[in-house]
Every structure is written in structure tokens, then in C-alpha cells.
There are 2 protein chains.
Amino acid sequence: MRKITTEDLKALDKVSRLNLVNSVTGYKSANLIGSISKEGKPNLAIFSSVTHLGSDPALLGFIIRPATVPRDTYKNIVETGYFTVNHVTEYLIQRAHQTSANYNEEVSEFEETQIASEYLEGILQPFVKESPVRLLCKYLNEYPIEENGCIHIIASIEEIYFENEMLNNDYWLQLEKGNVVSINGLDGYCLPKLLDRFEYARPNGMTKSMLKNGS
Amino acid sequence: MRKITTEDLKALDKVSRLNLVNSVTGYKSANLIGSISKEGKPNLAIFSSVTHLGSDPALLGFIIRPATVPRDTYKNIVETGYFTVNHVTEYLIQRAHQTSANYNEEVSEFEETQIASEYLEGILQPFVKESPVRLLCKYLNEYPIEENGCIHIIASIEEIYFENEMLNNDYWLQLEKGNVVSINGLDGYCLPKLLDRFEYARPNGMTKSMLKNGS
């Protein structure tokens, strides 16, 4: 096995360090966050840090880097109190990655990247029309991460939209059926295929497959 | 599209709510966190919330639920100051899921689930021998999430170990080459396959594939 220490990391050029450290925590979620300014200008930006925080109440968190690109997203979320989370599919990956470009405030990423928006009745914030899973989220709180100046945004999940064929009987949503992708590092987009599901694990014996007999 | 509101979520039984809300944020990382008590008792538990926080310094975060199973992990991390993060592969999924069982404090998850540990010179905390990517992490801080009582643990990445064939020239680690999995919901394990990598996105034009000509 190859070993890299903090000293080795410091000696790497910036791009190599970014590539390696962004890869070593494992696969990441791929979401487009839709928001709108109080003047009505829509914004769309890709995030790979959206994480489940709890189910009752339904909460998620994600990380904002104030010094880098998606700062419009942060301003819009705080201004209007809401945002949308839209899953990236295999057909969206190139356009979704393009939303990370440092566009000036006047342009809409929806137009520049040719990702179609969809507005639902009574909701100001734009959704991504192609996304098979979409959430309306409400900003609740933020925790500044002192160690590197990031902000951890906490939000409640207010409404969930999804393609009905993705839903199993037990309300497990099969992301594979929506062609949802995951992210490897900064710029690698991957398509996961389901291997197995396992029963709730108990101390005696080994958890069983929910899909295969005798596994 | 199917629509689920917060009222619909409240009306669901607990397992259905857990299944749905755990699926709607997208694919999650699959990591086994190795730790040891100050008395020398090793512990291993699966986590799906490990998230990249920054590259310089190299930081990650993950979520602990004090009321649920992996509380030994938390105690050990605070007591000894260090822990390991080990990627789950397709061959590990059943045993990795079994680490989520509510074992009593006296047993070692390594033994109960037949996951081989590996101890490296000068490091007290156990690694997972089969994992193609392993990190030694140092506990830095914790942020209680007031909204649901979770704790967001912040740690620095001190040492990175990986199979050398996973490393590309630009230090992007290709997780696919290590058969690393991602998690869908509470109990679905998926194997991602690389679709594409894209160049750094700039405002003019569309980002290009790093792998394909003319994409």
C-alpha cells in the first residue's frame, strides 16, 4: 500500500492535493441546489456534500465554502429561506459540472448550461426539470466550521418529489431506477448499480440479504 | 411525480419514514470507522455520513447520533484522539452492515463480523485489512446540531493509505479500481462505475471530458 502523510500532502501541487483529498472520503452525493435571489434571479450550483442528518424531523446538511464559487447560493438561501435539492442523473453530468464555473451574478446557470428549470405552484425556488428526485428545503441554521472557515448549513426537508417507479413497498427509494450518479473526487461522475440490501442487523448471527435467498 | 409533504412523512410508520428520508439525499459514502478504548478494546462501526470538508488542511466530518448504536465509537475517539476510516468494498458489504448490530461493549465487532483488523506500527487504532483506502484521522472538534441532537465531528486526515493501482497521474484516486461501494438509504449497497471526468469548468463554453475525445 502507498502511504501519504500530511507532510507529503503539503509538498504536492494544489491540484494533486485537491484531487487526492477529495477522493479519499469515498463516493459523494451529486446534487444541484436551486435558489433565487430576492430580486428574482435564479441560481443553480452543483454540490457533493449534501448529507442525511435525521429522519424525524427530516433534516439534511451541506457545506458551503464562502471563499469559492457557490456564494450566490448561500446569499439566496439566507435571503429567501428556501432552496431546492435536485439529484444529478447520468444524462445531466456534463451540464451539472458546468454549473461550477465562476459565472458573474447577472447570468442564470440554468440558461448558460441548458438545464431546464421547473417552477411549482406556490414555490419561488426553481427545480431541475430532469431530476427524478427533488426536495424543497427550508433553511434552519448554520454552524461555522472554525477549523477551515466553511459553513455547515442545516435545513429541513419540506417536500419530496420523485418518480413513482423508484419507490419500493417499504418506501426505500431505489436511486438506480432514476439513473442517479455519485461523485468520485472533484470531477469524476459514476453510475452505481445495486448489489444487495440487508436486513436490520442484530447481535446474533449475520444479517441476511433482502433480495437473495440464502445469502 | 409523486409528492410527499412533511404531513405525509409524519403519517408514515417509522421504518418507511427512515427508508424514504435516508434515500432522498442521494448516494452516501460507505466507511468503517475503527477505534479503540483507553483499556485497549477495539471497535468497528459502519458510517454513511463521512464528508470531505477541505483539502488544505485535509479535513473530514461525520455525524454521530448519541442516542443510537455507534456510541462506543464516539467515546473511543474522544478518549484516544484518533480513529481510522476504511472504505467498504463489494466483498465487505454484508459483514460491514453487520457492524451496525447493537453489540454489547464487551465484544469486538472485528471478531463478531469476521472482518480482519490490521495494526500499523506506532498506531493504536485498528485498520480494516481488506480496505483498499484507509485513513488515520485526528479528532479536532465537535459541533452539536441543536436541531436534532446529533454531533458533527471534525477531524484532520493525518495519514492516507491506498492501493497504488487506484492512483492516477494527477493524484485522482479511482475508487472503482478498489471496488469501493456507495450506500442507498439505510441498507442498500451499490457498486459505482465511472462514466466520465470533466475539466475545470469556466464561464465560456461547456466543460470537456477528460477521458473521451470530442465529448
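In what follows, the accompanying structure is described.

Each value, and the rule that gives it
- Residues numbered from 1 in each chain as written.
- Chains lettered and ligands numbered in written order.
- Predicted model: local features only at pLDDT ≥ 70, side-chain atom pairs only at ≥ 80, totals over all residues.
- Heavy atoms only, no water.
- Helix = DSSP H or I, 4+ residues; strand = E, 2+ residues; numbered from the N terminus.
- Rg over C-alpha atoms; globule rule 2.2 N^0.38 Å.
- Buried < 20%, exposed > 50% of the residue type's maximum accessible area, 1.4 Å probe, protein only.
- Contact = heavy atoms within 4.5 Å.
- Areas by Shrake-Rupley, 256 points an atom, 1.4 Å probe, with all protein chains shown as cover.
- Lys, Arg positive; Asp, Glu negative; His and termini not counted.
- Charge placed at Lys NZ, Arg CZ, Asp CG, Glu CD.
- Pairing = 2+ DSSP bridges.
- Buried area = accessible area lost by both parts, 1.4 Å probe.
- Salt bridge = Lys/Arg side-chain N within 4 Å of Asp/Glu carboxyl O.
- Polar contact = N/O pair within 3.5 Å; in protein donor to acceptor, adjacent residues only side chain to side chain.

## Quick notes on the overall build of chain A
Here's step 1: In terms of helices and strands, chain A carries five helices and 13 strands.
Here's step 2: Radius of gyration (C-alpha) of chain A: 19 Å, near the 17 Å computed for a compact globule of 215 residues.
Here's step 3: In terms of principal-axis extent, the alpha carbons of chain A reach across some 60 × 50 × 30 Å.
Here's step 4: Counting across all 215 residues of chain A, residues that qualify as buried make up 60%.
Here's step 5: Long-range contacts, defined here as pairs at least 24 residues apart, represent 55% of the contacts in chain A between residues at least 6 apart.
Here's step 6: Here chain A displays about 8,700 Å² of accessible surface, and carbon together with sulfur accounts for 47% of that area.
Here's step 7: Charge separation in chain A, taken as the distance between the mean sites of 21 positive and 28 negative side-chain charges, equals 6 Å.

## Let's talk about the pairing of strand β11 (residues 150-162) of chain B
Here's step 1: Within β11 of chain B, 12 of the 13 residues are buried, leaving the element largely enclosed by the surrounding structure.
Here's step 2: Pairing between strand β1 (residues 2-5) of chain A and β11 of chain B: four bridges, direction antiparallel. Counted as the bridge partner of I4 of chain A is I160 of chain B from β11 of chain B.
Here's step 3: Across six bridges, strand β6 (residues 58-64) of chain B lies against β11 of chain B in antiparallel orientation. Paired with I63 of chain B across the bridge in β11 of chain B is H152 of chain B.
Here's step 4: Of the strand pairs in this sheet, strand β10 (residues 133-145) of chain B and β11 of chain B are connected by 12 bridges, and their pairing is antiparallel. Its bridge partner lying in β11 of chain B, N141 of chain B is registered against I154 of chain B.
Here's step 5: The hairpin turn running from β10 of chain B into β11 of chain B, its antiparallel successor, is four residues long, and G149 of chain B in that turn takes a positive phi close to 80 degrees.

## Concerning the interface of chain B and chain A
Here's step 1: At the interface, 110 residues of chain B touch 110 residues of chain A.
Here's step 2: Between chain B and chain A, the buried area comes to about 9,500 Å², and carbon and sulfur atoms account for 61% of it.
Here's step 3: For the chain B face of the interface with chain A, the top three residues by lost area are M1, R2 and Y27 of chain B, together amounting to 9%.
Here's step 4: Linking chain B with chain A are six salt bridges, by the criterion used here.

## Regarding the sheet that holds strand β12 (residues 182-184) of chain A
Within a sheet, adjacent strands bond to each other through the backbone by hydrogen bonds, running parallel or antiparallel.
Here's step 1: The strand order across the open sheet built from six strands is β2(A)-β12(A)-β13(A)-β13(B)-β12(B)-β2(B), with neighbouring strands paired in antiparallel fashion. Of all strands in the sheet, those with a lone pairing partner are β2 (28-29) of chain A together with β2 (28-29) of chain B, marking the two edges.
Here's step 2: In this sheet, strand β13 (residues 188-197) of chain B lies alongside strand β13 (residues 188-197) of chain A in antiparallel orientation, the contact comprising nine bridges. Bridge pairing links R197 of chain A to G188 of chain B in β13 of chain B.

## Remarks on the environment of S55 of chain B
Here's step 1: Within the secondary structure, S55 of chain B is located in strand β5 (residues 51-55).
Here's step 2: Among all residues touching S55 of chain B, those that are not within four sequence positions of it are R17, L18, V21 and N22 of chain A.
Here's step 3: Among the polar contacts listed, one links the side chain of S55 of chain B to the side chain of N22 of chain A, at a separation of 3.4 Å.

## Some words on the pairing of strand β3 (residues 31-36) of chain B
All names here are of chain B.
Here's step 1: The buried fraction of β3 is high, at six of six residues.
Here's step 2: Note that β3 and strand β4 (residues 42-47) share six bridges and pair antiparallel. Counted as the bridge partner of I36 is P42 from β4.
Here's step 3: What sits between β3 and β4 in their antiparallel hairpin is a turn of five residues, with G40 showing a positive phi close to 95 degrees.

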